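Structure assessment
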2 protein chains.
Amino acid sequence: MPHPDSPFLAVPGQPFDLSDRATVADVFESRSEAKAVAQECGEAISELAHKLYAMAGTKKGPKVLILLQGMDTSGKDGTTKALFRHTPPLNVRVKPFKAPTKPELARDYLWRVHEAVPAKGEIVVFNRSHYEDVLVVKVREFADAETIEQRYAQINDFERLLVESGTVILKFMLHISHDMQGERLRSRLENPGKRWKFNPGDLDDRALWPAFMDAYETMVRRTSTPDAPWYVIPSDDKKTRNALITQIVRKSLESMDLHYPDPGHRPGDYEI
Amino acid sequence: MPHPDSPFLAVPGQPFDLSDRATVADVFESRSEAKAVAQECGEAISELAHKLYAMAGTKKGPKVLILLQGMDTSGKDGTTKALFRHTPPLNVRVKPFKAPTKPELARDYLWRVHEAVPAKGEIVVFNRSHYEDVLVVKVREFADAETIEQRYAQINDFERLLVESGTVILKFMLHISHDMQGERLRSRLENPGKRWKFNPGDLDDRALWPAFMDAYETMVRRTSTPDAPWYVIPSDDKKTRNALITQIVRKSLESMDLHYPDPGHRPGDYEI
């Protein structure tokens, strides 16, 4: 279940303005408190993920989809690290969505997404997702307005299918400011250990910042549904972002009644 | 590069008898030393894996395949945890091979394996593998003797293709004793947190232990090649097993010259 009482939820059916949403949040006493929260939640997630793994073979084996969207440098990789740095990859999988390939472009845009959804017992992280098809595709006009307009309902229908088939969907928009993106891009250039992450093409998207923010706002308005609501996470501070998201994921997993299944065998049933 | 001077290597071209290989090893002072070694290597692997991730976009982007084979309870999941409990799943993927599906059986046995090999920048763990096709398939006679006989060379050819295409292959046989398997199966029945792992079908394989050991011995003899040699790891003690395997994986990654690539951008090249 998505965590319903978070202040960072974009409540389905209520007005949503991105300008009302801060990119910074004063919810932790200090950065070291935020770090400790993320650490503690990450460790709890590891245990919960193992129970989820154990339930893969059960009739209602649970499935979890964590979806991360955000502008370049907003911290999609960093969030993934914070969530799963303590969890072995037995049943956790990261699926990055890059520019579509030719075979992908020859199908509908949800084709490659459907292929990647979690199986029973799995947690899958989407690093970007089908929402790119109403974000960059919209801003750069890779599709016409009518096609984009149809996609919001298509996406809601698709996600409802997943939820009704037993998937918990947690959607996070990593919300950063234009200034913070500038700082992080400069830091990538300055730091030899981060330089591999710098892509000059990111500057083209940066130049279209207001159009992207409009597209994000419309995305949240149209696709924050009771089945799969959006969380809009203040992400200018990495430690705060990690603490907030690991908290929400932890609480969501805790609400799923994950447990080691009992197949009914008992000692003495078999001669070993 | 596989680690060439490990005492647990099945040296290509040299005689191999499984009966010469112990399931216990006295290589660490104590179990707590073994635990500390696995911990330290696991942390080092995390850093190396991140560099490998950074190199995904480079021309010779490295690829790593870690292949785990062993009887039930030999610790394939446990080894995966030890290797990657400190590594986020950004570029680490676990591929379990179960009984083949109908579409898989309609192709050759390497079809589903080829689909799952690591891409540039990836580490993939095979939990079981194509070697099941010369193990359980042989012991239970799911294929005729001539077909099995052909497979050793087919597998060597397939692995050479992967190695010549830039993949490092590390193959581990987790070697346990018949007694230790009995102990672990009983423990699964007795421990409510482990009971979900108990599969009565495992007892059928256990009854065929000598035939399986013969099949493992032949497998190592025929497929421990210079391209992709086998390590036969004493696995009766979990901490020793984890320490030995994390050490070998760490050394292999260290020999690969992993580093954060420098795309040549410099501060000042761009206005941000």
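Up top is the structure.
These notes cover the structure that comes with them. None of these values were measured; they are calculated from a predicted model.

Looking now at the overall build of chain A. Secondary structure assignment for chain A yields 10 helices and six strands. Computed over its C-alpha atoms, the radius of gyration of chain A comes to 19 Å, within 12% of the 19 Å expected for a compact globule of 272 residues. Considering only C-alpha atoms, chain A reaches an extent of 70 × 45 × 40 Å along its principal axes. Counting over 272 residues, chain A shows a buried share of 55%. Sequence-distant contacts in chain A: of pairs separated by 6 or more residues, those separated by 24 or more amount to 81%. Summing over all exposed atoms, chain A offers an accessible surface of approximately 12,400 Å²; the carbon and sulfur share of this is 50%. Placing the 38 positive and 40 negative side-chain charges of chain A at their respective mean positions leaves the two points 4 Å apart.

Phi at R128 of chain A takes a positive value of approximately 65°, unusual for a residue other than glycine. Tracing the backbone through its elements, the reader meets R128 of chain A in the loop between β4 (123–127) and α5 (136–139). The phi angle at D257 of chain B is positive, at roughly 55°, despite the residue not being glycine. Owing to a relative accessible area of 54%, D257 of chain B belongs among the exposed residues under this scheme.

Within a sheet, each strand pairs with its neighbour through backbone hydrogen bonds, oriented either parallel or antiparallel. Residues and elements named next belong to chain A. The strand order across the open sheet formed by six strands is β1-β6-β5-β2-β4-β3, and the pairing between neighbours is mixed. Strands at the two margins of the open sheet, each flanked by one partner only, are β1 (9–10) and β3 (92–96). Two strands pair when backbone bridges link them, and β1 and strand β6 (residues 230–234) are joined in this way by two bridges, in the antiparallel orientation. Each bridged residue has a counterpart across the sheet, and for A10 the counterpart in β6 is W230. Across the face of the sheet, helix α6 (residues 145–164) comes into contact with β2 (63–70) and β5 (167–175) while running at roughly 135° to β5.

Residue and element names in this part refer to chain A. If you check α6, its first and last C-alpha atoms are 30 Å apart, about what 20 residues at 1.5 Å a residue would give, namely 28 Å. In α6, a bend of some 25° at R151 exceeds every other bend along the element. Contacts from the buried residues of α6 go to β2, α4 (111–115), α5, β5 and α9 (209–223). In the segment just after α6, G166 is the residue with positive phi, at about 100°.

Here we come to the packing of aromatic side chains. Note on aromatic pairs: each is described by the distance of the centres and the angle between the planes. A full pass over the atoms with the stated rule returns 12 aromatic pairs over all chains. Judged by centre distance (4.8 Å) and plane angle (65°), the rings of Y131 of chain A and W230 of chain A are edge-to-face. Here Y131 of chain A is found in the loop between β4 and α5, whereas its partner W230 of chain A is found in strand β6, with 99 residues between them in sequence. Exposure remark for W230 of chain A: the relative accessible area of 0% places this residue in the buried category. In textbook terms, an aromatic cluster arises when at least three aromatic residues are bridged by ring pairs, as seen for Y53 and Y260 of chain A together with W196 of chain B. The ring centre of W111 of chain A lies 4.2 Å from the NZ or CZ of R107 of chain A, which sits over that ring.

Residues and elements named next belong to chain A. If you trace the backbone, E217 turns up in helix α9. Among the polar contacts made by the side chain of E217, one reaches the main-chain amide nitrogen of L18 at a distance of 2.7 Å. Discounting chain neighbours no more than four positions away, the residues touching E217 are F16, D17, L18 and S19.

It is worth spelling out the pattern of salt bridges at this point. Two side chains of opposite charge can pair, provided their charged atoms sit close to one another. This model, assessed by the stated rule, comprises 34 salt bridges over all chains. For R160 of chain A, the salt bridge goes to E164 of chain A, with nearest N and O atoms at 3.6 Å. Of the two residues, R160 of chain A and E164 of chain A both sit in helix α6, four residues apart, roughly one turn of that helix. Of the charged contacts, one joins E40 of chain B and R250 of chain B as a salt bridge, the two residues approaching to 3.3 Å between their closest N and O atoms. Of this pair, E40 of chain B sits in helix α1 (residues 31–54) while R250 of chain B sits in helix α10 (residues 238–254), placing them 210 residues apart in sequence.

This paragraph deals with the relation of the copies chain B and chain A. Between chain B and chain A, which share one sequence, the superposing operator has a rotation angle of 180° and an axial displacement of 0.0 Å; the RMSD is 0.0 Å. When the rotation and shift are considered jointly, the pair of chain copies conforms to a two-fold rotation axis. A share of 100% of interface residues in chain B that are also interface residues in chain A marks the association as one of identical surfaces.

Another aspect to go through is the interface of chain B and chain A. If you look at the interface, chain B gives 38 residues, while chain A gives 38 residues. For the chain B and chain A pair, buried surface summed over both sides reaches about 3,500 Å², with 73% attributable to carbon and sulfur atoms. In this assembly, chain B and chain A are joined by zero salt bridges. Across the chain B-chain A interface, the total number found is six residue pairs in polar contact (both at pLDDT 80 or more).

Now for empty space enclosed by the protein. Residue and element names in this part refer to chain B. All chains considered together, the criterion is met by one cavity of 30 Å³ or more. Here the largest cavity is characterised by a volume of approximately 40 Å³. At the level of elements, β5 (167–175) and α9 (209–223) are the ones that each hand at least two residues to the lining of the largest cavity. Counted by class, the lining of the largest cavity contains seven nonpolar, two polar and no charged residues.

Conventions used here
- Residues numbered from 1 in each chain as written.
- Chains lettered and ligands numbered in written order.
- Predicted model: local features only at pLDDT ≥ 70, side-chain atom pairs only at ≥ 80, totals over all residues.
- Heavy atoms only, no water.
- Helix = DSSP H or I, 4+ residues; strand = E, 2+ residues; numbered from the N terminus.
- Rg over C-alpha atoms; globule rule 2.2 N^0.38 Å.
- Buried < 20%, exposed > 50% of the residue type's maximum accessible area, 1.4 Å probe, protein only.
- Contact = heavy atoms within 4.5 Å.
- Areas by Shrake-Rupley, 256 points an atom, 1.4 Å probe, with all protein chains shown as cover.
- Lys, Arg positive; Asp, Glu negative; His and termini not counted.
- Charge placed at Lys NZ, Arg CZ, Asp CG, Glu CD.
- Pairing = 2+ DSSP bridges.
- Axes fitted to C-alpha atoms, helices over the stretch in contact; angles between N-to-C directions.
- Expected span 1.5 Å × (residues − 1).
- Bend = angle between axes of the 7 residues up to and from the residue.
- Phe/Tyr/Trp six-rings, centres within 6.5 Å; stacked < 30°, edge-to-face > 60°.
- Lys NZ or Arg CZ within 6 Å of the ring centre and 35° of its normal.
- Polar contact = N/O pair within 3.5 Å; in protein donor to acceptor, adjacent residues only side chain to side chain.
- Salt bridge = Lys/Arg side-chain N within 4 Å of Asp/Glu carboxyl O.
- Least-squares fit on C-alpha atoms with pLDDT ≥ 70 in both.
- Buried area = accessible area lost by both parts, 1.4 Å probe.
- 1 Å grid on protein atoms, 1.4 Å probe; cavity = no way out; pocket = protein on both sides within 12 Å on 5 of 7 lines; lining within 4 Å.
- Points joined across faces, edges and corners; volume = space filled by probe spheres on them.
- Nonpolar A, V, L, I, M, F, W, Y, C, P; charged D, E, K, R; others polar.

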